[in-house]
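Close look at the chain arrangement
These are the residues of each chain, in order.
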2 protein chains.
Amino acid sequence: MSQRPSIKDIARIAGVAPSTVSRALADSPRVSLATRERIQALARELDYTPSLAARSLVMGSSPVIGVISPTLSDPYIASVMKGLEEASHQAGYQRLVASTQGDAEREIEMVRMLLGHNVGGLIILSSRAQGAYQELLAQISEPIVFVNALHTGEHVYNVATDNEHGGWLATQHLLTQGHRRIAYLAGPTRGRSYVARAAGYRRALEEAGLSFERQLVIPGDGSIRAGREALHWWLNQPDEQRPTAFFCYNDLSALGLLSEAHQQGVNIPDDLSVMGFDNVPMAKISIPPLTTVEQRTHELGRLAVVSLLTALENKPVTDIFLRGELIVRASVKRMEE
Amino acid sequence: MSQRPSIKDIARIAGVAPSTVSRALADSPRVSLATRERIQALARELDYTPSLAARSLVMGSSPVIGVISPTLSDPYIASVMKGLEEASHQAGYQRLVASTQGDAEREIEMVRMLLGHNVGGLIILSSRAQGAYQELLAQISEPIVFVNALHTGEHVYNVATDNEHGGWLATQHLLTQGHRRIAYLAGPTRGRSYVARAAGYRRALEEAGLSFERQLVIPGDGSIRAGREALHWWLNQPDEQRPTAFFCYNDLSALGLLSEAHQQGVNIPDDLSVMGFDNVPMAKISIPPLTTVEQRTHELGRLAVVSLLTALENKPVTDIFLRGELIVRASVKRMEE
DNA sequence: GTGAAAGCGCTAACAG
DNA sequence: CTGTTAGCGCTTTCAC
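Structure report, in brief. Everything numeric here is computed off the predicted structure, so don't read it as measured data. The numbers attached to residues start from 1 for each chain and follow its sequence in the written order. Both sets of labels track the order of writing: A upward for chains, 1 upward for ligands. For this predicted model, a pLDDT threshold of at least 70 governs which residues receive local features, and a threshold of 80 or more governs which side-chain atom pairs are given and counted, while totals over whole chains, interfaces and linings are taken from all residues. Computation of side-chain values covers all heavy atoms of the structure but excludes hydrogens and water.

**Here's the deal with the packing of helix α4 (residues 52-59) of chain A against helix α4 (residues 52-59) of chain B**
Helices that pack against each other are described as a pair by the angle of their axes relative to one another and the distance between those axes. One can describe the packing of α4(A) onto α4(B) by two numbers: an axis separation of 8 Å at closest approach and a directional angle of 135 degrees. By the angle class used here, α4(A) and α4(B) are oblique. The hand of the α4(A)/α4(B) crossing is left-handed. Contact residues: α4(A) offers Ala53(A), Ala54(A), Ser56(A) and Leu57(A), while α4(B) offers Ala53(B), Ala54(B), Ser56(B) and Leu57(B). Under this grouping Gly is polar, as are all residues other than the nonpolar Ala, Val, Leu, Ile, Met, Phe, Trp, Tyr, Cys and Pro and the charged Asp, Glu, Lys and Arg. The class makeup of the residues in the contact of α4(A) with α4(B) is six nonpolar, two polar and no charged. Helix axes are fitted only over the stretch in contact, all axes being lines through C-alpha atoms; the angle between N-to-C directions runs from 0 to 180 degrees. Each helix is a run of DSSP H or I of at least 4 residues and each strand a run of E of at least 2, with the numbering of both proceeding from the N terminus. Roughly parallel means an angle under 35 degrees; roughly antiparallel means over 145; roughly perpendicular covers 65 to 115; every other angle is labelled oblique. Crossing handedness: left-handed means the near helix sits turned counterclockwise from the far one by under a right angle, and right-handed means the same turn made clockwise. In what follows, a contact means two residues having at least one pair of non-hydrogen atoms within 4.5 Å.

**Regarding the packing of helix α1 (residues 7-14) of chain A against helix α3 (residues 33-46) of chain A**
All names here are of chain A. At a closest axis distance of 10 Å, the pairing of α1 and α3 adopts a crossing angle of 120 degrees. With respect to each other, α1 and α3 are oriented oblique. Our pair here, α1 against α3, has a crossing hand that is right-handed. Residues Ile 10, Ile 13 and Ala 14 of α1 pack against Arg 38, Ile 39, Leu 42, Ala 43 and Leu 46 of α3. Grouping the amino acids of the contact of α1 with α3 by side-chain chemistry returns seven nonpolar, no polar and one charged.

**Focus on unusual backbone geometry**
Of note, the amide linkage connecting Ile268(A) to Pro269(A) takes the cis form, showing an omega dihedral of 10 degrees. With respect to the helices and strands, the residue Pro269(A) is situated in the loop between α11 (251-263) and β9 (273-275). In this structure, Pro288(A) follows Ile287(A) across a cis peptide bond, with omega equal to -5 degrees. Structurally, the position occupied by Pro288(A) is in the loop between α12 (281-285) and β10 (292-293). One non-glycine residue, Asn148(B), adopts positive backbone phi at about 55 degrees. Tracing the sequence through the fold places Asn148(B) in the loop between β4 (144-147) and β5 (156-161).

**Focus: the sheet that holds strand β2 (residues 94-99) of chain A**
Hydrogen bonding along the main chain pairs the strands of a sheet, whether they run parallel or antiparallel. Residue and element names in this part refer to chain A. DSSP-based pairing: two strands are paired if at least 2 bridges between them are found. The six strands lie next to each other as β2-β1-β3-β4-β5-β11, forming an open sheet whose pairing is parallel. Only two strands of the sheet have a single partner each, and these edge strands are β2 and β11 (320-322). Here the strands of the sheet are splayed against their neighbours by 20 degrees on average, with no regard to which way each runs. Examined bridge by bridge, strand β5 (residues 156-161) and β11 share three bridges and lie parallel to one another. Following the sheet pairing, Ala 160 is matched in β11 by Phe 321.

**Remarks on the pattern of salt bridges**
Residue and element names in this part refer to chain A. One side-chain nitrogen of Lys or Arg within 4 Å of one carboxyl oxygen of Asp or Glu is enough to make a salt bridge. Applying the stated criterion across every chain yields a total of 26 salt bridges over all chains. Between Arg 228 and Glu 260 there is a salt bridge, with its nearest N and O atoms 3.2 Å apart. With Arg 228 in helix α10 (residues 224-235) and Glu 260 in helix α11, this residue pair connects regions lying 32 residues apart in the sequence. Under the scheme applied here, a residue whose accessible area is under 20% of the maximum for its type counts as buried, over 50% as exposed, and between as partly exposed, the area being computed with a 1.4 Å probe on protein chains only. Using a relative accessible area of 8% as the deciding quantity, one classes Glu 260 as buried. Members of the salt-bridge network, linked through shared partners, are Glu 164, Arg 203 and Glu 207.

**Here's the deal with helix α5 (residues 75-90) of chain A**
The span expected for a helix works out to 1.5 Å for each residue beyond the first. A rise of 1.5 Å per residue sets the reference length of α5(A), with its 16 residues, at 22 Å; its end C-alpha atoms lie 23 Å apart and thus fit the reference within 8%. Residues of α5(A) that are buried sit in contact with β1 (62-69), β2, β3 (119-125) and α13 (297-312) of chain A together with β2 (94-99) of chain B. Between the side-chain oxygen of the N-cap and the backbone nitrogen of Tyr76(A) there are 2.7 Å, and the N-cap of α5(A) in question is Asp74(A). At the exit of α5(A) stands Gly92(A), carrying a positive phi of roughly 80 degrees. We define a polar contact as two N or O atoms separated by no more than 3.5 Å, with the added condition that, inside protein, one atom must be a possible hydrogen donor and the other a possible acceptor, whereas residues neighbouring each other in sequence contribute only through side-chain atom pairs.

**Quick word on the nonpolar core**
What makes a nonpolar core is a set of buried Ala, Val, Leu, Ile, Met, Phe, Trp, Tyr and Cys residues whose side-chain atoms join them at distances within 4.5 Å. The biggest cluster of nonpolar side chains holds 51 residues, and the ones touching the most others in it are Met81(A), Ile123(A), Leu125(A), Met81(B), Ile123(B) and Leu125(B). Residues within four places of Met81(A) in sequence aside, it is in contact with Val67(A), Ser69(A), Leu72(A), Val97(A), Leu125(A) and Leu72(B). Within the second largest apolar cluster, 48 residues are counted, among which are Cys248(A), Val266(A), Val280(A) and Ile285(B).

**Description of the interface of chain B and chain A**
Taken residue by residue, the interface counts 56 residues in chain B and 56 residues in chain A. We define buried area as the total accessible area lost by two parts upon association, computed with a 1.4 Å probe and summed across both. Taken together, the two surfaces of chain B and chain A that pack against each other cover about 4,900 Å², and 56% of this comes from carbon and sulfur. On the chain B side of the contact with chain A, Met282(B), Ile285(B) and Ile287(B) bury the most area, a combined 13% of that side's loss. Of the charged contacts in the structure, one is a salt bridge between Arg112(A) and Asp47(B), with a shortest N-O distance of 2.6 Å. The tally of links from chain B across to chain A stands at 16 residue pairs in polar contact (both at pLDDT 80 or more).

Given below as structure tokens:
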């Protein structure tokens, strides 16, 4: 019917001052129980909803967390979001979510916009922005938590998977199973996590006395399609040079590889072993089930919120690194000597 | 360093009134080109970002679309989000996303909160709220678009898949392939789309002269797990009563069924045919690839935005129903006579 | 073409 | 305990 009622409307009807209404609704003890209850009842009756815009304007910030992510349609991101969502809801915070399609400029633009909404703080997933960013970060007084990217600054915090360790763990497992030629299917090269996983891969190789070979790194972007293409690359290698195993940047591309292998008549793991990364829900039900390194995504999301809220209370916050475990399933074969 | 500069700061430095700055930044022709450019340059230099909170307060609304969804970790939702995201970004709108975990009360709470942020309008995915909702809807003056749920009201619009048709199409295909006992693995019973797909299933059955059997509807919730459990139900049926095909509420549960079948040594499609719904990215790479009815998710998201923006311009908007096509892959077998 | 003033809905001193 | 006042950052009449 009429417009949404404001605190003034309530005040007029109740015959009190707007400030009294404000206090009553905030359950301030500075207003008598009687009027407090009377006003609250009235507010309920009128279907009053506070204008968060006005509130955030006067308070200078609002119980909203800005979240920025390169995409929303990736199962790894979805899972982080879920942890993030639950934790923030429990803490009484809403989320303003923006996605960047992996575009660094747009990421920066989104930071500005969200700040314009007076969000209390920001959580940025898999940031793709580099360099020039630092400058902006230095000017911001709201806390910012990066998930799986590493940035530094006054109010900047990090929650990340120990990707170097994960990459090492994955490669190490392949080596233990007797593999000697291990290809690495790469991820988005602008992302921090790709670089770290690649470093772990290389370290494991070198620790085993093998040398890192550039031509065993296949370009990719973490998509299903990248996995499929990787299989064709493999098919085209001459027999002696053909790797016996693939370590994939993520499960999604590993799953693509699995599917294409099946279609091309390549048996996994007998002809080729495949290792993923993330442990997305689908990894459990692929054929064969995918051996992978778990990423504690839910926890990543939850801890990002915890860190942000802690920072908001001006308590000290330290960077957090999470190590995932190796999940052994059926896509890696033990090689004969 | 200092706080974010406001329009006042710029005004002081430029030696003009705040209102002039406001106009200059809005590119109003009512301010001379010279000052306009001078102020815009200054704003850029000072790294000025408008307070959207303040702006939305005075304007009574903001270029933000509130989006409500039961979850963010479902690939179908993710895909709708993607369409939604692209379309809204292109139109210069941001999104305030909230999720409800499928809880109807929380859905209503979210509607209120988002409205408190002065969002320009709302898009609600797979609404789970019923009845009492109507009352609330009637009071709201902002446009609301429901995706895959049907609600009515003054400023209420719908964009939906023609689920009845889809259910019919799926079942019809199974019938054409010679199946006579077709089980239906159900979805969330509170959702509108479940009911419609079930109706299509029933209609196809009856058109073929078969009767709808209640005991062939297996309870489920559209999760991977529901699919797995359905397979066990099937395994426990006596031979003569065992269906030769499953029509699953969605791909996710169909995929779960596929996986469990493989593990239990049940051959799909030789022993059992499986039909999904949605055509999520994974459906293409499952083993065997999943026959399904496509849901034009991307389009659903895009059209939801278009409808909302059209309503915002006070132009007439009509409800939209999208029909997806049958995607024949390899999980359904043609039965011998 | 530019400035002064009012007000969006709310909270937070400061009075009484 | 309650009312009055001021102001958050911005847009928008209404004057000049």
